[in-house]
Every structure is written in C-alpha cells, then in structure tokens.
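Structure at a glance
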Amino acid sequence: MDAGKDNANPTIINPNDLPSRRRRSTPSTAKPRGIFDALVPQYPDVLGPSTASPEELSGVSDSASSDDGAEREEIDEQEVYDLISTITDPEHPLSLGSLGVVNLDDIRIIPPTSPRSRISSVQVLITPTTSACSLTTVIGLGVKVRLMNALPARFRVDVRIKEGTSSSADEANKQLGDKERVAAAMENRNLINMVNHMLSSCE
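This is a predicted model, so every value here is computed, not measured. (Residues numbered from 1 in each chain as written. Predicted model: local features only at pLDDT ≥ 70, side-chain atom pairs only at ≥ 80, totals over all residues. Heavy atoms only, no water.)

This part is about the confidence of the model for the protein. Mean pLDDT over the protein works out to 78, with 69% of the residues at or above the 70 mark. Per-residue pLDDT stays below 50 along residues 24–32; that stretch engages in 0 contacts with residues further than four places along the chain or on separate chains. Residue range residues 40–70 is modelled with pLDDT below 50. Its contacts to residues more than four positions away, or to other chains, number 49 contacts. (pLDDT = per-residue confidence, 0-100. Contact = heavy atoms within 4.5 Å.)

This is the structure we're talking about:
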C-alpha cells in the first residue's frame, strides 16, 4: 500500500466494460498548439455566464459562423465521454474512465438557449476516487483543457466536481469556473507539465 497516495487502492473498472464508440483517428496536419491555447476565449465569457446578446453570440466566432450552409457534425454525450475517458489520472497510471472519475451518465449537452445562438454547453461532473483527493482541481482542469482543445468553438465547457463526492468541491468548482484562476494556471509550469502528462494518453 502506498501511503503517499490519497487513495492507494481505488476501484478499477475493466476498460472492456466502459461505454465507447471509438473512431479511427487520422493524422492531423494542423500546427501543434499548447495545451492551454484553447482556454483563450474565442467568444465572450467562454468560461462563465455570458452577458452577450443573442445577436452577439450568433456571430461571435468565425468557426461558428463557418457552419452556415454546411451540415454540422452533431456531438453527443458518448463522444464527449470518449474524449475524456482516456485521460490519465495524475496519481495512478490508469485512465479516468477506468477509475470511474468520469462517467457517461454525468455528461450533459445543452443546446443553444436561443434560436439565434449557435453556442451549446457541455457539462461534465467529476467523481474523485476519494472525498479527500488533493488533486481534484487538477483533474478538473485536465478535463476542461481536453474538451476545449477537442470540441468546436461553438461549445462552452463546464466542468464541476459532483456534489457530495469531495470535501473540497466548493473551492474546486470556484477555481474551475473562474477565468482569472484558470489563466493563472496557464503560467504554472508544474501544473502545465502535470496536465500534459494526463493528456499524453489521449488519441
């Protein structure tokens, strides 16, 4: 037993038992980006409640407006789960899916609230392996970075700690929902290295 870990003996789910709809990935020719590049807002208030009018939201992003006249690929909860379930836990050499930290039932996609808006929301609830986990915020940040890099700009990403699963949920949720705190994380080299390691297992 490793006394240095918050939860030395977590429950592990067989990867073959995890819900999945994997697609064969194709090599990308896009210029590599830093893991936090997607956290730079592409439209007003990307990490928090928007004060923009429906008119502003409807034309706020080049990538969103480029959908005009073209069929958009629909993204569902299963696809979001597939994007984040392979993230490596910062404490164990196992995926967040295998540890039950992310679950398909805890993912919601909320469509645009106005016919004139193209902005949808993705909400993900995280379940730490123990209520005393000290890396809860780091895990949440890793999930947030992964989705903001992988999803189209027309999606807002809202990552929270599931109620009743962590003694530090309130503080972690404040940090994950605060743009200034997230921006500060972008300047923390140790944190960037940790998140880089977590995302290294993602396709």
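Next up on the list: the sheet that holds strand 1 (residues 107–110). Reading across from one edge, 1-2-3 is the order of the 3 strands in this open sheet, with mixed pairing throughout. Each edge of the open sheet carries a strand with a single partner, namely strand 1 and strand 3 (155–161). On average, adjacent strands in this sheet sit at an angle of 15 degrees to one another, irrespective of strand direction. Where strand 2 (residues 120–126) lies against strand 3, 7 bridges are found, and the strand directions are parallel. Across the sheet, the residue bridging to I126 is I161, located in strand 3. (Pairing = 2+ DSSP bridges. Helix = DSSP H or I, 4+ residues; strand = E, 2+ residues; numbered from the N terminus. Axes fitted to C-alpha atoms, helices over the stretch in contact; angles between N-to-C directions.)

Counting 39 residues, the largest nonpolar core has I84, I87, V124, L141, V143, L147 and L151 as its most contacted members. Listing elements by their share of this core, those giving two or more residues are helix 3 (77–84), strand 2, helix 4 (136–150), strand 3, helix 5 (169–176), helix 6 (179–185) and helix 7 (189–199). In terms of residue count, helix 4 provides more of this core than any other element does, 7 residues in total. Dropping the residues within four chain positions of it, V143 is found in contact with I84, I87, L96, V102, V124, I126 and V159. (Core = buried A, V, L, I, M, F, W, Y, C linked by side-chain atoms within 4.5 Å. Buried < 20%, exposed > 50% of the residue type's maximum accessible area, 1.4 Å probe, protein only.)

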